[in-house]
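Understanding the architecture of this molecule
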Amino acid sequence: MATNSEARREIAELTEEIRDHQFRYYVLDKPIISDGEFDSLLKKLQLLESKYPEFKDANSPSELVGGGFATHFTQHDHIEKMMSLDNVFGVDELNSWFDRIGKSGATNTWLCEVKVDGLAINLLYEKGKLVRALTRGNGTTGEDVTLNIKTISAIPHELSGKSIPDLLEVRGEVFFPVEAFNEFNDGLEEEGKQRFANPRNAAAGSLRQKDPRVTASRPLSMVVHGIGASSGVSFTSQSDAYALLESWGLPTSKRFKVVKSREEVIDFINYYEKHRHDVEHEIDGAVVKVNEISVQEELGFTSRAPKWAIAFKYPPEEVTTRLLDIKVSVGRTGRITPFAFMEPVVVAGSTVTNATLHNQEEVERKGILIGDIVVIRKAGDVIPEVLGPVIERRTGKEKKFVMPAKCPDCGSALRAMSQGDVDLRCPNSQSCPAQLRERIYYIGSRAALDIDVLGYEAATAMLTDGLLHDESGLFTLTAKDLSRSEFFRKKDGTLGANAEKFLAALESAKTQPLWRIIVALSIRHVGPTAAQALAKNFGSLAKIQEAPLEALAEVDGVGGIIAESVIEWFSIDWHKAIISEWGSAGVSLVDIPKENTAPQTLAGLTLVVTGSLVDFTRDGVSEVIAAHGGKAASSVSKKTDFVVVGDAPGSKAAKAEELGVQILDEAGFKALLSGKKP
């Protein structure tokens, strides 16, 4: 018979253990025990609670249906105040800060790191377990977002390694990776939902969800950069602290450097200002800290910020120009997108005349008028965006944008395609010239069938010259057909080399994998991921067409919205005609697993590809890696064996250098494929 103290302890431990398993099952969808083991634990708890009801937790898992997880944003105090950083905006101001530090008589080194443009978070670990996560709040008190933070895979629920401290407050930034943010925003726009303005807003919005399952569905990450209260551990320097944090499993940044002079500090700042778009997350500056903890303690704090650290803020990538007009474009699925037509202006190194405005609601929300002086932003390679008007510079001659009622290309009355859809669409999908042009151009793109020569000009020429009336006739085109278009003829009237290349590419495209055929059909919401899932699960277009809504929706990577789009697409007669014509022309409409005869030269290896390769497409190189037994990963880690670098590589190349991962050029990659040492 257990004593009261033993029963209290066992009930508390079981409650915590079961809640953790419920969280993994209901929120993370990643259980680590079987249903039978879980049921056994729950039954054991219920028996104990029936014997000792006085020790039953008010939120016992035996009483909550489906885990009952929700974030309530209750407020708690930080153990140690969460400070901000003072800012400087130029080298002169930075040197003044250096001079102030120098007056303390300290001789020290400096730790330089990039300033993540994210959401400040404080993690509290007790005896190695994550017990609470708070936002910065007012520095003294923050909001509890523990359940949402626990959905971020980079953040350990329990520290590992040696010498785990009894208590540790860890400070850092939660961020939305830029590449994932752009994909996420495109998905929102396609669903008719409002886009997030930037990755920081997306990170904040994701953490402000009451249902942690929503947060779990978004690819947030975190980097830690500081320590608050601690017990049972001491640090001699900031860099040593980072090494310890990393050893305990916490996500520290590799983008820091310890230097000995002002000149080296300025070199670091200048480097990341130039390479700010090579980083996986947005940065808005660099942070400089005294590295030695003893000197930090000597210098102390002001009421709001440490004296031993400073943030060097980069100039914003925003400029102003005049908005001459707001026009609209028609996409391949009929969506009408307003865009700004502006006086040319240089921003982020390139001249810009057009910028997206997404939809009419966005234009109204931002209060933009034609004729306004507007602020535009262009970060890296992202499409320029109008942030808003400079109201103080209005003259009174500006005018409001009115969304057209008819399609500018075919004259059809525009309408929302579903209830709650903020986007207007042209319903004339079969014969609207703009939609046809965009769809045929998309069929030839690398994202779909990767057909040589079939670019925007070729698509326009074939429609203008009457070679095609819709995409159904694409694969029955002949040399005689092509001779009717100037695009494919030489000056002497004979067919050009591009005609031969195009016909050969069409023939080759007939044997593309089924998922690429599905992508090429331009079914709304269906991208490569959903197309691959459909092809794998059903094996043919005929079976996809016959499948009921429930069967489609159950496929991992598809879901209800995509399933409804697929059902709707196959319900239209002229869509069925496209499939029939393509099938009659020899296009493979079934998923035929190809016998893999490639030598397994990459067996057991993980490779990441960044930049453009000459002889491989983005999707094609992943298929080649898989065929040779390797794994094509999307991000660089210590487990990566090789990073293949092509033209215009991104931040992955820099990450490989920092981690010491071997980098290959295209020739080295081909050597590796053939079984040779690169």
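Check the entry above for the structure.
Let us look at the structure shown here.

Cut-offs applied
Residues numbered from 1 in each chain as written. Predicted model: local features only at pLDDT ≥ 70, side-chain atom pairs only at ≥ 80, totals over all residues. Heavy atoms only, no water. Pairing = 2+ DSSP bridges. Helix = DSSP H or I, 4+ residues; strand = E, 2+ residues; numbered from the N terminus. Axes fitted to C-alpha atoms, helices over the stretch in contact; angles between N-to-C directions. Contact = heavy atoms within 4.5 Å. Buried < 20%, exposed > 50% of the residue type's maximum accessible area, 1.4 Å probe, protein only. Parallel < 35°, antiparallel > 145°, perpendicular 65-115°, else oblique. Left-handed = near helix turned anticlockwise from the far one by under 90°. Nonpolar A, V, L, I, M, F, W, Y, C, P; charged D, E, K, R; others polar. Phe/Tyr/Trp six-rings, centres within 6.5 Å; stacked < 30°, edge-to-face > 60°. Lys NZ or Arg CZ within 6 Å of the ring centre and 35° of its normal. Polar contact = N/O pair within 3.5 Å; in protein donor to acceptor, adjacent residues only side chain to side chain. 1 Å grid on protein atoms, 1.4 Å probe; cavity = no way out; pocket = protein on both sides within 12 Å on 5 of 7 lines; lining within 4 Å. Points joined across faces, edges and corners; volume = space filled by probe spheres on them.

Read across the sheet, four strands follow the order E20-E19-E21-E22 without closing on themselves; strand pairing throughout is parallel. Among the strands making up the open sheet, the edge pair consists of strand E20 (631–633) and strand E22 (662–664). In this sheet, adjacent strand axes meet at a mean angle of 35° when their direction is disregarded. Across the face of the sheet, helix H24 (residues 666–673) comes into contact with strand E19 (606–610), strand E21 (642–645) and E22 while running at roughly 100° to E22.

A few words now on the pairing of strand E10 (residues 283–290). In terms of residue burial, E10 counts as a mostly covered element, since eight of its eight residues are buried. Note: strand E3 (residues 110–116) against E10, seven bridges, orientation antiparallel. Within E10, the residue paired with Lys115 across the bridge is Gly285. Where E10 meets strand E11 (residues 309–313), five bridges bridge the pair, whose relative direction is antiparallel. What sits directly across from Ala286, in E11, is Phe312.

The next point concerns the sheet that holds strand E2 (residues 87–88). Within the open sheet, the five strands sit side by side as E2-E11-E10-E3-E9. Their pairing is mixed. Of all strands in the sheet, those bounded by a partner on one side alone are E2 and strand E9 (256–259). Sheet topology places E3 next to E9; four bridges connect them, and they run antiparallel. Within the sheet, the bridge partner assigned to Leu111 lies in E9 and is Val258. Relative to E11, helix H3 (residues 91–102) is tilted by about 175°, and along the sheet it contacts E2, E3, E10 and E11. Here helix H9 (residues 262–274) sits on the sheet and contacts E3, E9, E10 and E11; the angle it forms with E3, its principal contact strand, is near 20°.

Here Ser221 shows up in strand E8 (residues 221–231). Other than its neighbours up to four places away in sequence, Ser221 contacts Ile152, Ala154, Glu173, Val174 and Phe175.

Orientation of helix H12 (residues 433–443) relative to helix H13 (residues 456–464), taken along the N-to-C sense of each, is 130°, at an axis distance of 8 Å. Of the possible angle classes, the one that applies to H12 and H13 is oblique. Considering the relative orientation of H12 and H13, their crossing is right-handed. The residues of H13 that touch H12, namely those facing Pro433, Leu436, Arg437, Glu438, Ile440 and Tyr441, are Tyr456, Ala459, Thr460, Met462 and Leu463. When its residues are assigned to classes, the contact of H12 with H13 shows eight nonpolar, one polar and two charged.

Turning to the packing of aromatic side chains, a few remarks are in order. This structure, assessed with the given rule, holds 17 aromatic pairs. Ring centres 5.4 Å apart and planes at 50° place the aromatic pair Trp97 and Phe98 in the tilted group. Judged by its relative accessible area of 2%, Trp97 falls in the buried class. A network of ring pairs unites the aromatic residues Trp97, Phe98 and Trp110 as a single cluster. Arg208 extends its terminal NZ or CZ atom over the ring of Phe73, reaching a point 4.1 Å from the ring centre.

Turning to its location among the elements, Asp492 is positioned in the loop between helix H14 (479–482) and helix H15 (497–509). Residue Asp492 is classed as exposed on the basis of its relative accessible area, which comes to 57%. C-alpha of Asp492 to C-alpha of Thr395: the two residues are 97 residues apart in sequence and 57 Å apart in space. At 2.6 Å, the side chain of Asp492 and the side chain of Thr494 are in polar contact.

Here we take up unusual backbone geometry. Of note in the backbone geometry, Ser163 takes a positive phi value of approximately 55° without being a glycine. Along the polypeptide, Ser163 turns up in the loop between helix H4 (146–149) and strand E7 (167–175). Phi at His358 takes a positive value of approximately 70°, unusual for a residue other than glycine. For His358, the location among the structural elements is in the loop between strand E14 (350–356) and helix H11 (360–366). According to the relative accessible area criterion, His358 is buried, its value standing at 4%.

The next thing to look at is the side chain of Arg255. By the secondary structure assignment, Arg255 is in the loop between helix H8 (238–247) and E9. Separated by 2.9 Å, the side chains of Arg255 and Glu280 make a polar contact.

What follows covers empty space enclosed by the protein. In this structure the tally under the stated criterion is one cavity of 30 Å³ or more. In this model, the largest cavity occupies a volume close to 30 Å³. As for the largest cavity, its lining consists of Val116, Asp117, Phe175, Phe176, Pro199, Arg200, His281 and Glu282. A class-by-class count of the residues in the lining of the largest cavity yields four nonpolar, one polar and three charged.

Turning next to the environment of Pro528. Position of Pro528 among the secondary structure elements: in helix H17 (residues 528–538). Along the primary structure Pro528 and Ala447 are separated by 81 residues, whereas in three dimensions their C-alpha atoms are 7.7 Å apart. Setting aside residues no more than four positions away along its own chain, Pro528 makes contact with Trp515 and Val519.

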